[in-house]
Every structure is written in structure tokens, then in C-alpha cells.
Amino acid sequence: MKIATFNINGIKARIDALLDWLDEARPDIALLQEIKTVDEGFPREPFESRGYNVETHGQKSFNGVAILSRLPLEDVSRGLDGDDDDDHARWIEATVVGERAVRVVGLYLPNGNPAPGPKYDYKLSWMERMKARARQMLADEMPIVFGGDYNVIPERQDASRPEAWEKDALFLPESRAAFRRLLHLGLYDAFRLRHPEPGHYSFWDYQAGAWARNNGIRIDHMLLSPQAADLLRDAGIDKEIRGREKPSDHVPVWIDLDA
DNA sequence: ATGGTGGCGAGGCCA
């Protein structure tokens, strides 16, 4: 079972590029972030005609997540518990039953800039809420995949120029500590398991020729429960996508599970 | 220190 996460930075602007990638990569499941539209604005037809079931959790203009799946999606849940006043569309869960049942989460973790400030406070509190929800889910002792744009650079080796990110919300010590607290629950960074060496990125800014200079960061992650990690066959990043016409500033990150 | 780019949607916010 191939599962990918892809921050597409707007479904309206990315539909052609997304369909091209989907036809080539053919993931069983694609977790999308930043669809930047309400549910009614999401173009379901081109995905359904390719055999994908579509579940969205959208929002006008900003944020918004979706799950595409060749297999039926069951027990779909939208939103992250822990704050009734939070109206950002950043979290969606569903269960996929292939050879075995896998719970998948698509998440778009807050950017948090500028830090310090209210946006950074929101990021850190959101990460605490995610930890609480992940802890709950891990009690089920089943394969779970938490895939998405985490907006966290976990280690220095996950940035081409770590010194440029020292004061950024994506790399501040508190952000990285909160990310490690997720790992300490017993989650595994799937890409890092398969590719321990530095120099792999999932995001290159549109500005200042970041792609041409390979000035990237690795912020899109697939965290696995122990039961999912035991099924991990492979993991990768579709870097080449970033060099195409009208690209997102992120590229797809994928895993292959024996499920 | 500033400005550099892009999406959404129609001015300014967000990243």
C-alpha cells in the first residue's frame, strides 16, 4: 500500500500538476494539504474518474486537507480535538481496509511565524493537542500513519542552510522539542528510517532561487505507529516534481507499507 | 535590513 503526502498549495492552481503526478506515482492513498478551498470547491470528478474516493475538510482561501484513496474510506473524522474555538481545517482521519486495516491521518501543522507571538503560541498548543490525540490513537495498537506538512525541521541535517532558520518557527528549539515529544510517544519518522543520510528535502521556497540553489528543508513527514513501522517496505521523496511547470513549493513524500 | 515569489480572490493575508 503506497501512501503519499503532498502539500499542493492550492487545488485550483495545482490541478493539472497534481493529476500528472497522480497518474505517474499512482499512490493508493494521497494525503493533500493546503487545498485552499471549501469542500464544494474541490474538483472531485477528475479524481473519482481515476478510481479515487475523495474526502475533504476544506476552508475558504486558506488551509484545508483532503484524502484520496483507491480503497473505501471508513470512519472519516474531521478536525483535531482539544480546542472548540479552533476553526482551521488542518486535520482529517480515515480508516482504509486493504489486506489489513490502516488508520490514516492527513495533517497540516501550523507554520507559527512570526515567533514569538500568537501564531507561534497556536502552533505549540496545536502540537500538544496532536500529541494527546496521537496518544489516544496509539492505544488501539494498530497500523497508523500520520502524514502531512508538519512545518518542523527536525534536525540540522534536514536543512540545506540550518543557520538561516535558527529564529524561524520551523526550527526553533521549542518546535523541535514538541516534534520529538511526538516521536517519544513511540512514533517513527518513516523517511528517516530508510534514508539516515543528510541532504533530503521536501520544500524549496519560491523566493531567491531556492530550488536552483537546492536551498531546501525537510518538513513533510510520515510518522508511523509501531505496528505501521513494522510494515514499512520503502519510503521516498518525489523531488523531481519541484522542477516542473507551476510546481507547488512542496513535493510528495511517500511510503510503501506491506498492507 | 530589505526584498525576494506565489495562491486566493479581489485587498490583504498567509506562507
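Residues numbered from 1 in each chain as written. Chains lettered and ligands numbered in written order. Predicted model: local features only at pLDDT ≥ 70, side-chain atom pairs only at ≥ 80, totals over all residues. Heavy atoms only, no water.

### Regarding helix H4 (residues 173-184)
Now for step 1: Taking 1.5 Å of rise per residue, the 12 residues of H4 would be expected to cover 16 Å, and the 16 Å separating its terminal C-alpha atoms lies within 8% of that figure.
Now for step 2: Of all the positions in H4, only Ser 175, Arg 176, Ala 177, Ala 178, Phe 179 and Leu 182 are classed as buried.
Now for step 3: Looking at the packing, one finds that the buried side of H4 touches helix H3 (118-138) and strand S12 (220-224).
Now for step 4: Positive backbone phi, at 115°, marks Gly 186, one or two positions downstream of H4. (Helix = DSSP H or I, 4+ residues; strand = E, 2+ residues; numbered from the N terminus. Expected span 1.5 Å × (residues − 1). Buried < 20%, exposed > 50% of the residue type's maximum accessible area, 1.4 Å probe, protein only. Contact = heavy atoms within 4.5 Å.)

### Some details on the protein's contact with DNA strand B
Now for step 1: The full set close to DNA strand B counts 17 residues, and Ser 61, Asn 111, Lys 119, Tyr 206 and Gln 207 are the nearest of them.
Now for step 2: Close to the protein, within 4 Å, the atoms of DNA strand B are drawn from sugar and phosphate at a rate of 71%.
Now for step 3: Ala 13 places a main-chain nitrogen or oxygen 3.4 Å from a phosphate oxygen of DNA strand B.
Now for step 4: In the environment of DNA strand B, a sugar or linking oxygen lies 3.4 Å from a nitrogen or oxygen atom belonging to the side chain of Asn 111. (Near = heavy atom within 4 Å. Polar contact = N/O pair within 3.5 Å; in protein donor to acceptor, adjacent residues only side chain to side chain.)

### Description of the UniProt feature "site: Important for catalytic activity" (unreviewed entry) in chain A
Now for step 1: Here the UniProt-annotated "site: Important for catalytic activity" (unreviewed entry) positions come out as Asp 220.
Now for step 2: Position of Asp 220 among the secondary structure elements: in strand S12.
Now for step 3: Setting aside its immediate chain neighbours within four residues, Asp 220 contacts Asn 7, Gln 33, Gly 148, Asp 149, Ser 202, Phe 203, His 250 and Val 253.
Now for step 4: Of note is the side chain of Asp 220, whose polar atom sits 2.7 Å from the side chain of Ser 202. (UniProt positions renumbered as here; feature names shortened; annotations may be inferred.)

### Points about H3
Now for step 1: Taking 1.5 Å per residue as the helical rise, H3 with its 21 residues ought to reach 30 Å, and the 30 Å between its terminal C-alpha atoms agrees with that figure.
Now for step 2: For H3, every residue scored as buried is listed here: Tyr 120, Tyr 122, Lys 123, Trp 126, Met 127, Arg 129, Met 130, Lys 131, Ala 134, Met 137 and Leu 138.
Now for step 3: In this structure, the buried residues of H3 make contact with strand S6 (91-97), strand S7 (101-108), strand S8 (144-149), H4 and helix H6 (226-229).

### Focus on the pattern of salt bridges
Now for step 1: Under the counting rule described, the total for this entry stands at 19 salt bridges.
Now for step 2: Between Arg 133 and Glu 93 there is a salt bridge; the shortest N-O distance is 2.8 Å. Separated by 40 residues along the polypeptide, Arg 133 in helix H3 and Glu 93 in strand S6 bring together distant segments of the chain.
Now for step 3: When its relative accessible area of 1% is taken as the criterion, Glu 93 is described as buried. (Salt bridge = Lys/Arg side-chain N within 4 Å of Asp/Glu carboxyl O.)

### With respect to the UniProt feature "active site" (unreviewed entry) in chain A
Now for step 1: Under the local residue numbering, the UniProt record ascribes the feature "active site" (unreviewed entry) to Tyr 108, Asp 149 and His 250. In terms of the greatest pairwise C-alpha distance, the residues named above, spread along 143 residues, form a tight cluster of at most 12.5 Å across. Narrowing the list just given to those that line the largest pocket leaves Tyr 108, Asp 149 and His 250.
Now for step 2: Judged by its relative accessible area of 1%, Asp 149 is buried.
Now for step 3: Among residues more than four places away in sequence, those in contact with Asp 149 are Thr 5, Asn 7, Gln 33, Leu 107, Tyr 108, Leu 109, Ile 219, Asp 220 and His 250. (1 Å grid on protein atoms, 1.4 Å probe; cavity = no way out; pocket = protein on both sides within 12 Å on 5 of 7 lines; lining within 4 Å.)

### Some thoughts on the side chain of Ser 69
Now for step 1: Looking at the secondary structure, you find Ser 69 in strand S4 (residues 65-69).
Now for step 2: Filtering out sequence-adjacent residues up to four positions away, Ser 69 remains in contact with Asp 28, Ile 29, Gly 51, Tyr 52, Asn 53 and Val 96.

### Some remarks on the nonpolar core
Now for step 1: Ile 3, Leu 32, Phe 47 and Ile 255 are the most contacted members of the largest nonpolar core, which has 53 residues in total.
Now for step 2: Ranked by residue count, the leading element in this core is helix H1 (residues 11-25), at 7 residues.
Now for step 3: Residues in contact with Ile 255, not counting those within four places in the same chain, are Met 1, Lys 2, Ile 3, Val 145, Ala 190, Met 222, Leu 224, Leu 232, Asp 234 and Ala 235.
Now for step 4: Counting residues in hydrophobic clusters, the runner-up holds 21 residues, among them Tyr 122, Phe 146, Leu 182 and Leu 187. (Core = buried A, V, L, I, M, F, W, Y, C linked by side-chain atoms within 4.5 Å.)

### A look at a negative patch on the surface
Now for step 1: A surface patch of like charges, here negative, comprises Asp 81, Asp 83, Asp 84, Asp 85 and Asp 87.
Now for step 2: Positionally, Asp 87 belongs in the loop between strand S5 (73-78) and S6. (Patch = residues over 30% accessible without salt bridge, like charges linked within 9 Å, V, L, I, M, F, W, Y side chains within 5 Å. Areas by Shrake-Rupley, 256 points an atom, 1.4 Å probe, with all protein chains shown as cover. Lys, Arg positive; Asp, Glu negative; His and termini not counted. Charge placed at Lys NZ, Arg CZ, Asp CG, Glu CD.)

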